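# Understanding the architecture of this molecule
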Amino acid sequence: MAEKKKSDAKKLQEQLFYKKKNTCEEVSATEIKKCDKFCEGYKTFLDGSKTEREAVINAVELAKKNGFKEYKAGKALKAGDKVYTVNRGKAVILAVIGKEPIENGVKIAAAHIDSPRLDLKQCPVYEDNDIALFKTHYYGGIKKYQWTALPLALHGVIVKSDNTTVNVCVGEDDNDPVFCVTDLLPHLATAQMERKAPQIIRGEELNILIGSRPFKADDISEKVKLNILNILFEKYGITEADFLSAELEAVPAHKARDVGFDRSMIGSYGHDDRVCSYTALMATFDCKAPNKTVVTVLTDKEEIGSDGNTGLNSSYLKYFIYELAKQSKVDGWTVLSKSECLSADVNAAFDPTFPDVNEKNNTAYINKGVCVTKYTGSRGKAGTSDASAEFTGKVRNLLDKNGVIWQTGELGKVDAGGGGTVAMYIANLNVDVIDVGVPVLSMHAPFEVVSKLDVYMAYRAFLVFMEE
Ligand code: MN
Ligand code: MN
């Protein structure tokens, strides 16, 4: 009797308890193969899209291959049409026109394509003790000490005095030189190691090494700087003043690599948030004849708070949806009020080496599926959009119904810190929004890690949302 009772209790427990699924156990070998193949495409996208501008170029190229045409204001659109529009080279919106009238609302997926990095200052070049360096200003939330003694590549644009633009990409080809921020040897770091962690490397110590050989001349000083500027003049036709109107970003030079003997993970710079950008993009390409119009936005400036005209705190997404609405002679706000959005962004994965920052019942784990986050923010849920129970329920049931393995997770323990996403800016347009994305280890580090199965589940989550 005792045994039977135990078995009933076990059944009851199975019925009543919530247990996270483990993707590795739930997914068939065939699906794992599909997932691994999908991730090969993702790795290629990662390596070619280290900046927001490059991500836009690659997203547009892929979109064109998938039948998307550049959006022309005023040109009539019909169900099944696929269009894209680029905002200032740093953000892109893609749309697949749905069968239902637009007044029923649109389905938005929003991910960001900017990542933490070191930007060059406007007057970056200097020489100190016969060494030439660049001054930088870091972009986004970084642990500054992680960015030293690491090969860096330089990407970006320089607008010259004649208004022409030069594209720069140095350090990605195996034959290219790379750059780096130097750090102090441990032997002489006694005083440095007494500094608090944010100061171990200070902002003004993130100086990038760019040269050390002098220009051959007797009558001048700063010969190393001159030699570097001469090389740049010969290669790009630029002078020092042209840095004033440049956007140059130093990013890790390494490529995306499989991680682990089992190759189950990918390590790379910039998973946050190319991992959600790529998966949302692929879902946009693969959604067939959607009922509602699908609008996917890959945005800039998320890492610095979404302000600026290429960030989602500006109106460019709203204006695009208003234009679509105008075509159907519907008010834009009518469309937005009925719209739904998956704010596609990463969340922190539980790290067994640092278990203290997470509360185990409400944290995301790698290999337990795409993470659905009801709210982010910090302290008492400040700076977030807390998704409603109704919309959370809808997304939950949609994912379950379609066999998409998902989990929930908060960004760390209460009061451990916090962060935000674009969710609140879209919610402020009167849209139902929830955060959905991939758990990441070492988030914002030069080498972040994700699980391939979680990447694939993110793609599937976006696809079922778009095709609903
Ligand atoms: Mn992010
Ligand atoms: Mn981030």
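Residues numbered from 1 in each chain as written. Chains lettered and ligands numbered in written order. Predicted model: local features only at pLDDT ≥ 70, side-chain atom pairs only at ≥ 80, totals over all residues. Heavy atoms only, no water.

### Things to note about unusual backbone geometry
- Cis geometry marks the peptide bond from Asp-272 to Asp-273; its omega dihedral reads 15 degrees.
- On the secondary structure map, Asp-273 appears in helix 7 (residues 271-286).
- A positive phi angle is found at Asn-163, which is not glycine, with a value near 70 degrees.
- Summarising the element assignment, Asn-163 is placed in the loop between strand 7 (152-159) and strand 8 (165-170).
- On the basis of relative accessible area, Asn-163 is assigned to the exposed category, the value being 64%.
- Of note in this structure, Ser-306 is not a glycine but carries a positive phi near 70 degrees.
- Mapped onto the fold, Ser-306 is located in the loop between strand 14 (293-299) and helix 8 (316-327). (Helix = DSSP H or I, 4+ residues; strand = E, 2+ residues; numbered from the N terminus. Buried < 20%, exposed > 50% of the residue type's maximum accessible area, 1.4 Å probe, protein only.)

### Topic: the coordination of the manganese ion (ligand 2)
- Here the manganese ion (ligand 2) is held by the protein donor atoms Asp-272 (OD), Glu-303 (OE), Glu-303 (OE) and His-444 (NE2), which lie 2.0 to 2.6 Å from it.
- When the donor residues of the manganese ion (ligand 2) are listed from N- to C-terminus, their spacing reads D-x30-E-x140-H.
- Separating the manganese ion (ligand 2) from the manganese ion (ligand 1) is a gap of 3.3 Å, bridged by Asp-272, which donates to each. Of the two residues, Asp-272 sits in helix 7 while Glu-303 sits in the loop between strand 14 and helix 8, which places them 31 residues apart along the sequence. Both residues of the pair, Asp-272 and Glu-303, count as buried. (Donors = N, O, S within 2.8 Å, 3.2 Å for Na, K, Ca; no water.)

### Quick word on the packing of aromatic side chains
- Within the structure shown, the criterion is met by 11 aromatic pairs.
- With centroids separated by 5.3 Å and ring planes inclined at 40 degrees, the aromatic side chains of Phe-45 and Tyr-278 adopt a geometry described as tilted. Remark: Tyr-278 occurs in helix 7 and Phe-45 occurs in helix 3 (residues 29-48); sequence separation between them is 233 residues.
- Between the aromatic rings of Trp-147 and Tyr-269, the centroid separation amounts to 6.3 Å while the plane-to-plane angle is 90 degrees, which identifies the pairing as edge-to-face. (Phe/Tyr/Trp six-rings, centres within 6.5 Å; stacked < 30°, edge-to-face > 60°.)

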